[in-house]
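Each chain, written out:
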Amino acid sequence: MIKTDILVIGAGAVGCAIARELTKYRVKVLVVDKNEDIGGLASRSNSAIIHTGFDAPPGSLESELVVAANPMYEKLCMDMDIPFAKTGAILPAFTDEQFAMLPSIKEKAFNNRVYDVEYLTAEQLLAMEPNLSPDVKAGLFIPRESIIDPFLLVVAYAENAQTNGASFLLSTKVTGMKIENNKIQSVTTTGEEIVPSYVINAAGLFNDEIAAMVNKNDYSVNPRKGQFYILDKNTNCKVNHIVLPIPTKLTKGKLMCPTIHGNMLVGPTAEDLVDKEDTSCDSAGLFSVEEDVRRLIPNVNLRDTITQYAGLRANRNPEGLHVDTYDDVKNYVNLSGVRSTGLTASAALGKYVAQTLIKIGMEAEFNTRFTPIRKGIPRFNELSREEQNELIKKNPLYGKVICRCETVTEGEITDAIHRPIPARSMDAIKRRLRPGAGRCQGGFCGPRVIDILAKELRLSAADINKNLSGSYMIVGKIRD
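Just so you know, these numbers come straight off a predicted model, no measurement behind them.

Caption draft 1: Seen up close, the overall build of the chain. The helix and strand inventory of the chain stands at 13 helices and 22 strands. Expected size for 480 residues packed as a compact globule is a radius of gyration near 23 Å; at 23 Å, the chain falls within 12% of this value. Here the C-alpha coordinates of the chain stretch approximately 65 × 60 × 45 Å along the principal axes. Among the 480 residues that make up the chain, the fraction classed as buried is 54%. Here the contacts in the chain between residues at least 6 apart in sequence split such that 73% fall between residues at least 24 apart.

Caption draft 2: Seen up close, the packing of helix H1 (residues 13-22) against helix H6 (residues 150-163). Between H1 and H6, the least distance of the axes is 8 Å, while the angle of their chain directions is 30 degrees. One way to sum up the angle between H1 and H6 is to call them roughly parallel. Both H1 and H6 take part in a crossing whose hand is left-handed. Within the contact between the two elements, H1 uses Ala13, Cys16, Ala17, Ala19 and Arg20 and H6 uses Val154, Tyr157, Ala158, Asn160 and Ala161. In the contact of H1 with H6, the residues fall into 8 nonpolar, 1 polar and 1 charged.

Caption draft 3: Examining the domain arrangement of the chain more closely. Split into domains, the chain comes out as domain 1 (2-45 + 150-219 + 318-359), domain 2 (85-146 + 222-314) and domain 3 (380-463). Taking only C-alpha atoms into account, the centre of domain 1 sits 31 Å from that of domain 3. Contacts between the two partners involve 11 residues from domain 1 and, on the opposite side, 8 residues from domain 3. For domain 1, the biggest contributors to the area lost against domain 3 are Asp37, Phe151 and Glu159; these three give 47% of the whole. One salt bridge connects aspartate 37 with arginine 432, and the closest N-O pair in it is separated by 2.9 Å. Inspection of the domain 1/domain 3 interface yields 4 residue pairs in polar contact (both at pLDDT 80 or more).

Caption draft 4: Structural view of the packing of helix H3 (residues 73-80) against H6. As a packed pair, H3 and H6 sit with axes 10 Å apart at the nearest point and diverge in direction by 65 degrees. Where H3 crosses over H6, the two elements pack in a sense that is left-handed. The residues of H6 that touch H3, namely those facing Tyr73, Leu76 and Met80, are Leu153, Ala156, Tyr157 and Asn160. Residue composition of the contact of H3 with H6, grouped by class: 6 nonpolar, 1 polar and no charged.

Caption draft 5: How the structure looks around the packing of aromatic side chains. Scanning all chains against the criterion turns up 4 aromatic pairs. Where tyrosine 25 meets phenylalanine 366, the ring centres are 5.5 Å apart and the plane angle is 25 degrees; that geometry is what we call stacked. Here tyrosine 25 is found in the loop between H1 and strand S2 (29-32), whereas its partner phenylalanine 366 is found in the loop between helix H9 (342-359) and helix H10 (385-394), with 341 residues between them in sequence. Using a relative accessible area of 10% as the deciding quantity, one classes tyrosine 25 as buried. With a relative accessible area of 57%, phenylalanine 366 lands in the exposed category. With centroids separated by 4.7 Å and ring planes inclined at 50 degrees, the aromatic side chains of phenylalanine 110 and tyrosine 115 adopt a geometry described as tilted. The class for phenylalanine 110 is exposed, based on a relative accessible area of 51%.

Caption draft 6: Representation of the pattern of salt bridges. This model, assessed by the stated rule, comprises 31 salt bridges. A salt bridge links aspartate 81 to arginine 379; its shortest N-O distance comes to 3.4 Å. Of the two residues, aspartate 81 is situated in the loop between H3 and strand S4 (84-85) and arginine 379 in the loop between H9 and H10; the sequence distance between them amounts to 298 residues. Taking the relative accessible area as the measure of exposure, aspartate 81 reaches 17% and is therefore buried. The class of arginine 379 is partly exposed, set by a relative accessible area of 22%.

Caption draft 7: Broad picture of helix H13 (residues 446-457). Under the 1.5 Å per step criterion, the end-to-end length of H13 is 16 Å for 12 residues, consistent within 8% with the ideal 16 Å. All of the buried residues along H13 are Gly446, Val449, Ile450, Ile452, Leu453, Ala454 and Leu457. On its buried face, H13 is in contact with strand S21 (401-403), helix H11 (410-417) and helix H12 (426-433). Phi for arginine 458, located one or two positions after H13, is positive at around 60 degrees.

Caption draft 8: Representation of the side chain of lysine 254 in the model. Within the secondary structure, lysine 254 sits in the loop between strand S14 (242-243) and strand S15 (255-258). Engagement of the side chain of lysine 254 in a polar contact is seen with the side chain of aspartate 292, the distance being 2.7 Å. Beyond its immediate sequence surroundings of up to four residues, lysine 254 is in contact with Pro245, Gly267, Pro268, Thr269, Ser288, Val289, Asp292, Val293 and Leu296.

Caption draft 9: Local environment of the sheet that holds S4. As summarised here, the arrangement of the 3 strands in space is S3-S8-S4, forming an open sheet in which the pairing is antiparallel. Here the strands that pair on one side only, and so sit at the sheet edges, are strand S3 (49-50) and S4. As defined by bridge partners, S3 adjoins strand S8 (residues 146-148) across 2 bridges and the pair is classed as antiparallel. Following the sheet pairing, isoleucine 50 is matched in S8 by serine 146.

How each quantity is defined
Residues numbered from 1 in each chain as written. Predicted model: local features only at pLDDT ≥ 70, side-chain atom pairs only at ≥ 80, totals over all residues. Heavy atoms only, no water. Helix = DSSP H or I, 4+ residues; strand = E, 2+ residues; numbered from the N terminus. Rg over C-alpha atoms; globule rule 2.2 N^0.38 Å. Buried < 20%, exposed > 50% of the residue type's maximum accessible area, 1.4 Å probe, protein only. Contact = heavy atoms within 4.5 Å. Axes fitted to C-alpha atoms, helices over the stretch in contact; angles between N-to-C directions. Parallel < 35°, antiparallel > 145°, perpendicular 65-115°, else oblique. Left-handed = near helix turned anticlockwise from the far one by under 90°. Nonpolar A, V, L, I, M, F, W, Y, C, P; charged D, E, K, R; others polar. Domains from an automatic or database assignment. Buried area = accessible area lost by both parts, 1.4 Å probe. Salt bridge = Lys/Arg side-chain N within 4 Å of Asp/Glu carboxyl O. Polar contact = N/O pair within 3.5 Å; in protein donor to acceptor, adjacent residues only side chain to side chain. Phe/Tyr/Trp six-rings, centres within 6.5 Å; stacked < 30°, edge-to-face > 60°. Expected span 1.5 Å × (residues − 1). Pairing = 2+ DSSP bridges.

Here it is, written out as structure tokens:
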């Protein structure tokens, strides 16, 4: 049995941000997640954009949180050693109908208190993005739309939370809750029983299933799939900004933007599903991405794709972002409707949920030892030659390149395995350091990463997983 002050269910961006914020107080925080690694589902497979909230529903909690969160990221990323870039976004209009929509989009931004959205002429847009369709008539510029590495953000939240006293329990699924006297008394899991003072449901796609355990599932959560292309860094058609389509009543549409690591990202689709684990890609979805994005960028070269992937985001019905508390379950906070802006909103949601807990009774004595600083693994390929040589002197493993595409060294991989939140699978290593994310997609480095994991974890290579338990990378011997 584990006793804790705060139990956070879900280790995605929102859950980890909440955990980090709560360590600013003298409370014991435990985060539990059914996956083998932090990052949830939506947080590790999205468009990696830090939004301004210019197009959020005005007056909504989503608007309030996203608009508040955007200015936090520059300092947050500096404190936690995360790559971040203010690329800005453009919203070009190509038809008379789209052109006529620009004033209402700008007014919506104004209603969301995003005041720095500006009109641009066709000439200005083409000067910024020469690969735009020459049919562009005019557009809007949203200068504070930014890009980030979403998984490194989650890792940084989690590592900083753990440094400040939080604990993480992974590969552990919540299976039930016992309620007495209008409070959750205990939480059962596939591991140990947990006795919390407060419970926060930040389970994303599975939020409604957790809510059902306390009879608060008066809504449903369905997965909305988005399929993406990742293009090679050397593709001959690039953009410098996030290029957004004019939205329709059904979807925000498909975009093209740079990633923080230099690739081009193209997509996504918006497909409503039932299966919460369907992250497959299909030809119809990918064809629709190509068809729509060519209207923005006619010369986009999708033959330069190095991989495709699909992410799932939580679609709440009825829709809307909610942070709810209840008189008949006094120690429970329910987060639902955290959509595609959830990555951005996480920075503000952490503060909002902490304040909500204080309102329902959490003692709020400040943790005077809290430190916001987290130092990441040195990114060898971003260091100067002098810095590289100095690092190799300290640790010769940094002189052994394992992934040629992304220039990832054995020293980085070894450090990731022994971090506060350890990387213990192939995908966990890939998300933190990017071996296997380059042009060859792990063809060269894959076997070497398996060997390093096996050595450092003292396992057989046959025991190394891709991600979940049982997803073995090696399934047998070719010969003895």
